[in-house]
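Topology and contacts: notes
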Amino acid sequence: MVFIVILIICFLLQMIAPWWIIIVISFATCGIIGKTGKIAFWQSFLAIFLLWIGYALFKSLPNDNVLASRVAVMTGIKLWWALLLVTGILSGLVAGISGYCGYQFRMAMLAKKTDEKIA
């Protein structure tokens, strides 16, 4: 569920919002419907990893990877597909950490409420 929600919302919002919207969406989604910290991290990671790799391939393949190849050479990676892989991994890590933080934030708020009821 977290995977689908993050994938769809980020796909739609990345057309009009900056790249860091993935952080906000992952945090909010996992903060609301995340089941465990492990699920929050990995589903956020995979959703954004696949979204960014797919979008990069969609933009890169029609022009024979010219821009991706030039950027890869400029960054020292030299292989366009390795550049896309690094991009996907970095974006997935950002989303995964954000999702995990969202889940932990919700758990901290629930623990705080429980402590207030006991006291």
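This text gives an overview of the structure that appears in the document. (Residues numbered from 1 in each chain as written. Predicted model: local features only at pLDDT ≥ 70, side-chain atom pairs only at ≥ 80, totals over all residues. Heavy atoms only, no water.)

1. Examining the packing of helix 2 (residues 21-33) against helix 5 (residues 80-118)
Test applied: In this description, a line fitted to the C-alpha atoms serves as the axis of each element, helices being fitted only across the stretch in contact, and the angle between N-to-C directions of two axes falls anywhere from 0 to 180 degrees. By the criteria applied, helices consist of DSSP H or I runs no shorter than four residues and strands consist of E runs no shorter than two, each listed in order from the N terminus. By the definition used in this description, the sense in which the near helix is turned from the far one sets the handedness, with an anticlockwise turn below a right angle giving left-handed and a clockwise turn giving right-handed. Contacts: residue pairs with any heavy atoms within 4.5 Å of one another. Residues are grouped as follows: Ala, Val, Leu, Ile, Met, Phe, Trp, Tyr, Cys and Pro are nonpolar; Asp, Glu, Lys and Arg are charged; every other residue, Gly included, is polar.
The N-to-C vectors of helix 2 and helix 5 enclose an angle of 35 degrees; their axes lie 7 Å apart at closest approach. Judged by the sense of rotation from one axis to the other, the crossing of helix 2 with helix 5 is right-handed. Between helix 2 and helix 5, the contacting residues are Ile22, Ile23, Ser26, Phe27, Cys30, Gly31, Ile32 and Ile33 on the first element and Ser91, Val94, Ala95, Ser98, Gly99, Cys101, Gly102, Tyr103, Phe105 and Arg106 on the second. A breakdown of the residues in the contact of helix 2 with helix 5 according to their chemical character gives 11 nonpolar, six polar and one charged.

2. Things to note about the packing of helix 1 (residues 2-13) against helix 2
Under the convention used in this document: Each angle gets one of four labels, with under 35 degrees taken as roughly parallel, over 145 as roughly antiparallel, 65 to 115 as roughly perpendicular, and the rest as oblique.
The interhelical angle for the contact between helix 1 and helix 2, taken along N-to-C directions, is 150 degrees, at an axis separation of 10 Å. Relative to helix 2, helix 1 is oriented roughly antiparallel. Of the two elements, helix 1 crosses helix 2, and the hand of that crossing is right-handed. Here Val2, Val5, Ile6, Ile9, Cys10 and Leu13 of helix 1 come into contact with helix 2, specifically with Ile21, Ile22, Ile25, Ser26, Thr29, Cys30 and Ile33.

3. As for the environment of tryptophan 42
Mapped onto the elements of the fold, tryptophan 42 is located in helix 3 (residues 37-60). In this structure the C-alpha to C-alpha distance between tryptophan 42 and serine 60, which are 18 residues apart in sequence, comes to 26 Å.

4. A few points about unusual backbone geometry
Excluding glycine, residues mostly carry a negative phi; peptide bonds, for their part, are mostly trans. Cut-off, in case you're wondering: Each residue's exposure class comes from its accessible area (1.4 Å probe, protein chains only) as a fraction of the maximum for that residue type: buried when under 20%, exposed when over 50%, partly exposed otherwise.
The residue aspartate 64 is not glycine, and still its phi comes out positive at about 55 degrees. Mapping aspartate 64 onto the fold places it in the loop between helix 3 and helix 4 (66-75). Even without being glycine, asparagine 65 reaches a positive phi, approximately 60 degrees. With respect to the secondary-structure elements, asparagine 65 resides in the loop between helix 3 and helix 4. Of the residues examined, asparagine 65 reaches a relative accessible area of 9% and is grouped as buried.

5. Here's the deal with the layout of surface pockets
Note the threshold: Grid points spaced at 1 Å over the protein atoms alone were grouped into cavities, where a 1.4 Å probe fits but cannot get out, and pockets, open sets with protein on both sides within 12 Å along at least five of seven lines, with lining residues defined by an atom within 4 Å of a point. Grid points are joined across faces, edges and corners, and a volume is the space filled by probe spheres set on the points.
Looking at the largest pocket, its volume works out to about 380 Å³. Every residue lining the largest pocket is counted, 16 residues in all, and those nearest its centre are Trp52, Tyr55, Ala56, Lys59 and Leu84. Among the secondary structure elements, those contributing two or more residues to the lining of the largest pocket are helix 3, helix 4 and helix 5. Of all the elements, helix 3 adds the most residues to the lining of the largest pocket, at six residues. Each residue belonging to the lining of the largest pocket can be placed in one class, and the counts come to 11 nonpolar, four polar and one charged.

6. Comments concerning the environment of glutamine 14
For the record, the criterion: Here a polar contact means two N or O atoms within 3.5 Å. Within protein one must be a hydrogen donor candidate and the other an acceptor candidate, and residues neighboring in sequence count only if both atoms are side-chain atoms.
Mapped onto the elements, glutamine 14 comes out in the loop between helix 1 and helix 2. Among the polar contacts made by the side chain of glutamine 14, one reaches the side chain of tryptophan 52 at a distance of 3.2 Å.

7. Overview of a nonpolar patch on the surface
In plain terms, the rule: Like charges within 9 Å and nonpolar side chains (Val, Leu, Ile, Met, Phe, Trp, Tyr) within 5 Å are joined into patches, using only residues over 30% in relative accessible area that form no salt bridge. Computed by Shrake-Rupley with a 1.4 Å probe, the accessible areas treat only the displayed protein chains as cover when residues are assessed. A pairing counts as a salt bridge when a side-chain nitrogen of Lys or Arg comes within 4 Å of a carboxyl oxygen of Asp or Glu.
A cluster of nonpolar side chains, contributed by Leu79, Trp81, Leu85, Val86, Ile89, Leu90, Leu93 and Ile97, occupies part of the molecular surface with about 700 Å² of accessible area. Examined against the element boundaries, isoleucine 89 turns out to sit in helix 5.

Keep in mind that these numbers describe shape and distance, not what the molecule does.
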